[in-house]
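So you can see what is in the structure, the chains are spelled out below.
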Amino acid sequence: MVDRLYWGWWMVVALVIAEGALREAGAVPAFTRKFDMDCSYCHSVPPALNDFGEAFRAHGYRMAGLEERLPEELRDQVRKEEPEDLPPSYWPLSARVVAGYGYTSQDHQDTDRGEAKIQTRTSGIERFDLMMGGLLTETVNFYVKYLPAVTNVALGPAEGQDGELESAWIRFNDLSPGGVPLNVKLGEFELDVPLSSARRLSLSDYPIYRYFPEGSSAADDPETTLDWSASQLGAEASGQAPWGLAYSLALINGTNGNADSNKAFDFYLRVAKPLNEHRVGLFTYLGTASTDFQFTPAGDPIEGTGLANQTFYRMGADGQWLAAPPLRLFALALYGSDSSGLFNGSDPQTATFIGGFLEARYDLLQDWSTMLVFRYDIIRNLDQGDATTDQKTGDLDGTTVAARYRMFETSRLALLFHGEYSHVKTKLTSVDGNDQTENRLTLAFDLML
């Protein structure tokens, strides 16, 4: 009876909200306050960017040069571009809070009593971000994103938010040596991934961005194991190449902003080309992982002393299509390989796999203030790092269905309601060799101000 009342109460909440008005966030409202514009000029549903928002971001958060793409009544806002022209009251600081209710059910989980089904129900905060960004000069911009320490962050898969500087970079624009467009970014920043994890329209992440085959030494440390959708430390060169190609070449440490014991850098390259209302791209990631280290007398690895580096790489293609308005499709297909030296099994070999996702977004914003999202994730192993391991170990199928509803949106803040269900199945990964499944239901409010 108690469970029925519990679920019934949440159903009432969801229905009441569905009668209101919302839209998703993940944006930087400081920019809307600066130019006195609604979030909708840069975002379809925050935090996802529309075409103008992508251009504004690629242009270094500058309106100058993009005036013709704005409505005529807003073009005079470009005069607010220069820092000295801003009113003294303007402060480029934004915040984002996602809070709500989450239910998770996991099968065949390893416990001290053997495999078990674990169910959790949580009300709390999924994340809390502080963001600051803008121009330092006409051609230099910056961005900082800080996650304060919050011990009761528990709505998502994370247990607490330890406090970290997730992004902190400075970019020098329009350097153009020899007439070739060039921008240079330094610091900790998000790579130019095909579909941004930081601006995704689901609380569940893209598994392909962080996948490593079973037993790979490159995935030994949960903190430093590469998630190439996370912010990385390094430098990036970007711009517009001939034939309308946008390019991004990054030299990074590949440990998600954490200290790196590896002496070598990782490389990431992506090129993309717009085709009217569509877009296609190619990308590759070349990384190394150390398999031998120098240690202090206390037994701790010494940073920068990694030895016996072994390579891994990821390469693939992506696309975005306006299939039939209001339906937009996003797709990514990837091939990955980890060298045999990363595996310590009885019969090591080079591990290979394929994977990716297909995401569909159905736009009901004009009439219903709602964006519907469906995503299918897939990973298939071709060769395991240990030839004695079952080929299907780690194979993944995931389905996510989400709806983001715009309740309230102005030039100063945005409030959205988010409902989501996700199902993920990974094969043969439990201690007894069973498939593991995870089901998550989340109802949350997303506030940006």
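Scroll up for the structure.
Calculation notes
Here the residue numbering is sequential within each chain, running from 1 through the sequence in written order. It should be noted that, the model being predicted, local features are given only for residues of pLDDT at least 70 and side-chain atom pairs only at 80 or more, the latter also being counted only at that level, while totals for whole chains, interfaces and linings use all residues. The basis for the side-chain values is all heavy atoms of the structure; hydrogens and waters are excluded. Only residues whose relative accessible area exceeds 30% and that form no salt bridge are eligible for patches; like-charged ones are grouped when within 9 Å, while nonpolar side chains (Val, Leu, Ile, Met, Phe, Trp, Tyr) are grouped when within 5 Å. Surface exposure here means Shrake-Rupley accessible area, sampled with a 1.4 Å probe, where a residue is shielded only by the protein chains that are shown. Salt-bridge detection follows one rule: a side-chain nitrogen of Lys or Arg within 4 Å of a carboxyl oxygen of Asp or Glu. Under the counting rule used here, the positive set is Lys and Arg, the negative set is Asp and Glu, and His together with the chain ends is not counted. The atom standing in for a charge is NZ when the residue is Lys, CZ when it is Arg, CG when it is Asp and CD when it is Glu. Counting from the N terminus, the helices are DSSP H or I runs at least four residues long and the strands are E runs at least two residues long. A simple rule labels every residue: compare its accessible area, found with a 1.4 Å probe on the protein chains alone, to the largest value its type can have, and call it buried under 20%, exposed over 50%, or partly exposed in between. Pairing between strands requires that DSSP locate at least two bridges from one strand to the other. Taking the helix axis as origin, the arc is that swept by the directions to the C-beta atoms. Working rule for contacts: check all heavy atoms of both residues, and any pair within 4.5 Å makes them a contact. Polar contacts here mean pairs of N or O atoms no more than 3.5 Å apart (in protein, one a potential hydrogen donor and the other a potential acceptor; neighbouring residues in sequence count only if both atoms are side-chain atoms).

A. Expanded view of a negative patch on the surface. Judged by side-chain charge, D162, E164, D220, D221 and E223 come together as a negatively charged surface patch. Position of D221 relative to the elements: it lies in the loop between strand 5 (183-189) and strand 6 (232-240). Under the relative-accessibility criterion, D221 is labelled partly exposed at 35%.

B. Quick peek at the pairing of strand 16 (residues 436-448). By the bridge criterion, 11 bridges tie strand 1 (residues 93-111) to strand 16 in an arrangement that is antiparallel. Within the sheet, the bridge partner assigned to R96 lies in strand 16 and is M448. Pairing of strand 15 (residues 414-426) with strand 16 involves 13 bridges; the strand directions are antiparallel. The partner of K425 across the bridge, within strand 16, is T437.

C. Broad picture of helix 3 (residues 51-58). All of the buried residues in helix 3 are F52, G53, A55 and F56. Considered in projection along helix 3, the buried side chains sweep an arc of 160° and stay on one side of the axis. Once helix 3 ends, the next one or two residues include G60, with phi positive near 80°.

D. Seen up close, the environment of L233. Assignment of secondary structure puts L233 in strand 6. As a C-alpha pair, L233 and L191 span 42 residues in sequence and 9.9 Å in three-dimensional space. For L233, the residues in contact, after removing those within four places along its chain, are G187, E188, L251, I252, N253, G257 and N258.

E. Region of the structure containing unusual backbone geometry. A cis amide bond, omega 10°, links P325 with the succeeding residue P326. Mapped onto the secondary structure, P326 falls in the loop between strand 10 (310-324) and strand 11 (327-338). Located in the positive-phi region is D174, a residue other than glycine, with phi close to 60°. Looking at where D174 falls in the secondary structure, it is placed in the loop between strand 4 (164-172) and strand 5.

F. Inspection of the side chain of S217 at higher detail. Tracing the sequence through the fold places S217 in the loop between strand 5 and strand 6. Looking at S217, the relative accessible area reads 13%, which means it is buried. Of note is the side chain of S217, whose polar atom sits 2.8 Å from the backbone oxygen of L342. Residue contacts for S217: discarding those within four places in its chain leaves T291, L342 and N344.

By themselves, these observations are geometric and do not establish any function.
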